[in-house]
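Summary of structural features
Here are the chains, one letter per residue:
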Amino acid sequence: MSATDHLVDANQQYVERFSGARPARPRLQLAVLTCMDARLDLFGALGLDIGDAHLLRNAGGIPTDDALRSLAISQRALGTREIVVIHHSECGMDGFDDGEFRAKLEQESGVAPSWRVPGFTDLYADAKQSIRTVRNCPWLPFRDDVRGFVFDVASGALTEVTAD
């Protein structure tokens, strides 16, 4: 059975116990920006339920233009007021060479990517920079309550990071 077939089977079981539609606006008025890493169980680690928060994930939990676009929609159209940025230990972006990666993609495909994926060498410094980027985004009306954390994949613990 393929992974996708597994998802389809799981969905059939989910439909049987599905409790119905929920409101589009997150109950906690919260958006979380974090990494796509499969080891991060946001619902379990943060005590969230479906409908509590918008969860935005990308490689490294980086506030890219697309992530900032999603946060702007989250706040302006769907009522979120708080933003949490979560980076994590053992991230694949630690030491990632964007230039090398982009050159390889261009060499293989003949097309240069229009995007950049900057890596980092200092997890905490990168988390601080991500917090500052979100706080300085002019499209977000609610920037006073932006907090950042580092999630330890070995213990599940969150450590708060302050940008100032």
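Moving on to the overall build of the protein chain. Looking only at helices and strands, one finds 5 helices and 5 strands in the protein chain. Starting at the N terminus and ending at the C terminus, the protein chain contains elements arranged as α-β-α-β-α-β-α-α-β-β. Along the longest, intermediate and shortest principal axes, the C-alpha atoms of the protein chain span 45 × 45 × 35 Å. Here the analysis covers contacts within the protein chain between residues at least 6 apart in sequence; of these, 66% occur between residues at least 24 apart. Carbon together with sulfur atoms contributes 52% to the accessible area of the protein chain, which is approximately 10,000 Å² in total. Treating the 17 positive side-chain charges of the protein chain as one cloud and the 24 negative ones as another, the clouds have centres 8 Å apart.

Turning next to the packing of aromatic side chains. Taken as a whole and judged by the stated rule, the model has 3 aromatic pairs. Joined through ring pairs, the aromatic side chains of Phe96, Phe101 and Trp115 make up one cluster.

This paragraph deals with the environment of His87. By the element assignment, His87 lies in strand E3 (residues 82-88). Residue class for His87 comes out buried when judged on its relative accessible area of 1%. As a C-alpha pair, His87 and Gly156 span 69 residues in sequence and 12 Å in three-dimensional space. In contact with His87, other than residues within four places in its own chain, are Gly60, Gly61, Leu123, Asp126, Ala127, Ser130, Phe149, Val150 and Phe151. A distance of 3.0 Å separates polar atoms of two side chains, one belonging to His87 and the other to Ser130.

With that settled, the discussion passes to helix H5 (residues 123-135). For an α-helix, the turn length of 3.6 residues means that residues three or four places apart are oriented alike. Relative to the 18 Å expected for 13 residues at 1.5 Å per residue, H5 spans 18 Å between its end C-alpha atoms, a close match to the ideal helical length. Regarding H5, the residues found buried are Leu123, Asp126, Ala127, Ser130, Ile131 and Val134. What you see down the axis of H5 is that its buried residues fit within an arc of 140°, all on one side. In this fold, the buried residues of H5 make contact with helix H3 (65-78), E3, strand E4 (146-151) and strand E5 (158-161).

What follows covers unusual backbone geometry. Peptide bonds are mostly trans, and most non-glycine residues show a negative phi. Look at Gln29: it is not a glycine, yet its phi comes out positive at around 50°. Looking at the secondary structure, you find Gln29 in the loop between helix H1 (3-17) and strand E1 (30-35). When its relative accessible area of 40% is taken as the criterion, Gln29 is described as partly exposed. A positive phi angle is found at Glu90, which is not glycine, with a value near 55°. Within the secondary structure, Glu90 is located in the loop between E3 and helix H4 (98-109). What makes Glu90 exposed here is its relative accessible area of 57%.

This brings us to a nonpolar patch on the surface. On the surface, Tyr14, Val15 and Phe18 cluster together to form a nonpolar patch covering roughly 280 Å² of accessible area. Topologically, Phe18 is positioned in the loop between H1 and E1.

Basis of the calculations
Residues numbered from 1 in each chain as written. Predicted model: local features only at pLDDT ≥ 70, side-chain atom pairs only at ≥ 80, totals over all residues. Heavy atoms only, no water. Helix = DSSP H or I, 4+ residues; strand = E, 2+ residues; numbered from the N terminus. Contact = heavy atoms within 4.5 Å. Areas by Shrake-Rupley, 256 points an atom, 1.4 Å probe, with all protein chains shown as cover. Lys, Arg positive; Asp, Glu negative; His and termini not counted. Charge placed at Lys NZ, Arg CZ, Asp CG, Glu CD. Phe/Tyr/Trp six-rings, centres within 6.5 Å; stacked < 30°, edge-to-face > 60°. Buried < 20%, exposed > 50% of the residue type's maximum accessible area, 1.4 Å probe, protein only. Polar contact = N/O pair within 3.5 Å; in protein donor to acceptor, adjacent residues only side chain to side chain. Expected span 1.5 Å × (residues − 1). Arc of directions from axis to C-beta. Patch = residues over 30% accessible without salt bridge, like charges linked within 9 Å, V, L, I, M, F, W, Y side chains within 5 Å. Salt bridge = Lys/Arg side-chain N within 4 Å of Asp/Glu carboxyl O.

Note that all results are geometric; they support no functional claim without further evidence.
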